[in-house]
Amino acid sequence: MHDVLVIGAGTAGLTAAIYARRASKSVLVLEARGFGGQILNTPAIWNYPAEPGISGFDFAMKLYSQAETLGAEFAFGTASGFRAEDGGFTVPTADAEYRGRSLIIATGTSHRGLGLPGEEALTGRGVSFCATCDGALYKGRDVAVVGGGNTAVSDALYLSDLAATVWLIHRRDSFRADPADVALLGRKENIRLLLGTRVTGLVAEDKLSAVVLTGPEGRTSELPVAGLFIAVGMVPATGAFEGLLELDPSGYIVAGEDCRTSVPGVFAAGDGRTKDVRQLVTAAADGAVAATAAVRYVNSL
Amino acid sequence: MSVVKVNSGNFAEEVLGSDRTVLVDFNADWCGPCRMLAPMLEKVAAAHPEAKFAAVNIDDEPELAVRYGISSIPCLIAFRGGSEIRRSVGLIPPDAIAALIKG
Ligand SMILES: Cc1cc2nc3c(=O)[nH]c(=O)nc-3n(C[C@H](O)[C@H](O)[C@H](O)COP(=O)(O)OP(=O)(O)OC[C@H]3O[C@@H](n4cnc5c(N)ncnc54)[C@H](O)[C@@H]3O)c2cc1C
């Protein structure tokens, strides 16, 4: 059994591993997909202290190497929950179980989908959640962006330099995005706005060929596009922990700045916790706080 | 056995004409998840000599990217006897990579 079992190898989880190892505790980090978390997709980070312009990949790699060099252990698997037993916690995955005297949940968030039939199967076949990742594959084609926040507006601006026409589809009449970016929309000739409009269907054979739109009067139409970029927000990746600890109505793990959850010995760190600012620097800070609290908890056993 | 770089010139011979199952990793230098996937792919390749592992840089080989309808990377496509048998998009762990070339 490890002293500290961390679920999620993003910025919060990897930082927690560093702090727990520095306190000489044994640490296992369980990760579902690959090291680094969400930031891997970002070409350049401009707001992390002392690392202006670092790429998401380099940031993630440095953080992972630092944790590994300090002696953190790693395993791949998707946690499906946890059980308190024998003075510790057991975390099951599809084909194994991991044990920790204390538990840090650092599973972050994932992209919210539209919930349309075929959406999952078409992801990577015309449906995308990341304009900076996939935009280059739509050079000279027509694409649509759905959403009305900062991500949707900046995705539309980014794609306008690559795609032929960018349709920006938003169910409301105005955007809740940075006003400077919204003003830029009007200056891009190839960005067309479809307001008061929802995406209500996907048309595809092998890959996406059009989206079904429902307009203000409830009338539907088909818009031919090669790509649909979905930018309608994030949801906490905490579904596996429902019913096991307190979540807020949106699914975030209820925990204050001390990262303590409703279950003693279980701590929450990073974007999956109730908080105001979801950034790398706050994820790293949570990792430090949660690990320090976990170490104290383990010492008190 | 390591991952071999392939291009439109040798794709037919190296991938489609291979007598082993071939897993092709479509990637690009600017793609963070692709770079995180690469060392995991190397490890899976070392553990699975019965299959062949190849990589295509989509910026160098746009024609192959279009031919295989790549619209998101990293994209792993398993080929057997010249046809696609499985496809996976996004960063996935080693077990899931290995599952793409199974039986
Ligand atoms: C496009 C984009 C750009 C951004 N740019 C910036 C920026 O410039 N500056 C900045 O400070 N912030 C930026 N952010 C925000 C930043 O990425 C997040 O705040 C940060 O990644 C949160 O870290 P985290 O460790 O909490 O979660 P994540 O990075 O999401 O990591 C969570 C990890 O947990 C794993 N996981 C999830 N569920 C399970 C499970 N059940 N079992 C096992 N593992 C699991 C995931 O695979 C993932 O690796 C950006 C975000 C996005 C999407």
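## Quick notes on the overall build of chain A
For chain A, the count of helices and strands is seven helices and 17 strands. Its C-alpha atoms give chain A a radius of gyration of 21 Å, within 12% of the compact-globule value 19 Å for 301 residues. Each principal axis of the C-alpha atoms in chain A carries an extent, and together these give about 60 × 40 × 35 Å. Residues classed as buried in chain A amount to 50% of the 301 residues present. Intrachain contacts of chain A at a sequence separation of at least 6 include 57% that bridge at least 24 residues. Carbon together with sulfur atoms contributes 50% to the accessible area of chain A, which is approximately 13700 Å² in total.

## Describing the layout of surface pockets
Here the second largest pocket is characterised by a volume of approximately 380 Å³. Every residue lining the second largest pocket is counted, 18 residues in all, and those nearest its centre are Ala136, Leu137 and Tyr138 of chain A together with Val66 and Ile70 of chain B. In terms of residue count, the dominant contributor to the lining of the second largest pocket is helix H3 (residues 62-67) of chain B (three residues). Tallied by class, the residues present in the lining of the second largest pocket amount to ten nonpolar, three polar and five charged.

## Considerations on the domain arrangement of chain A
Taken domain by domain, chain A consists of domain 1 (2-110 + 234-300) and domain 2 (113-230). For domain 1 of chain A and domain 2 of chain A, the distance between their C-alpha centres works out to 33 Å.

## As for the site of the ligand
All names here are of chain A. In the vicinity of the ligand, 30 residues are found, and the nearest of them are Ala12, Glu31, Asn47, Asp271 and Leu280. Between the ligand and Ala12 there is a distance of 2.9 Å, counted from an oxygen atom to a backbone nitrogen or oxygen. Within the backbone of Ala32, one N or O atom sits 3.2 Å away from a nitrogen atom of the ligand. In isolation the ligand offers 1000 Å² of accessible surface; the protein chains occlude 85% of this area. Of all the secondary structure elements, the ones that give two or more residues to the shell around the ligand are helix H1 (11-22), strand S2 (27-31) and helix H7 (280-300). Residue composition of the shell around the ligand, by class: eleven nonpolar, 15 polar and four charged.

Conventions used here
- Residues numbered from 1 in each chain as written.
- Chains lettered and ligands numbered in written order.
- Predicted model: local features only at pLDDT ≥ 70, side-chain atom pairs only at ≥ 80, totals over all residues.
- Heavy atoms only, no water.
- Helix = DSSP H or I, 4+ residues; strand = E, 2+ residues; numbered from the N terminus.
- Rg over C-alpha atoms; globule rule 2.2 N^0.38 Å.
- Buried < 20%, exposed > 50% of the residue type's maximum accessible area, 1.4 Å probe, protein only.
- Contact = heavy atoms within 4.5 Å.
- Areas by Shrake-Rupley, 256 points an atom, 1.4 Å probe, with all protein chains shown as cover.
- 1 Å grid on protein atoms, 1.4 Å probe; cavity = no way out; pocket = protein on both sides within 12 Å on 5 of 7 lines; lining within 4 Å.
- Points joined across faces, edges and corners; volume = space filled by probe spheres on them.
- Nonpolar A, V, L, I, M, F, W, Y, C, P; charged D, E, K, R; others polar.
- Domains from an automatic or database assignment.
- Near = heavy atom within 4 Å.
- Polar contact = N/O pair within 3.5 Å; in protein donor to acceptor, adjacent residues only side chain to side chain.

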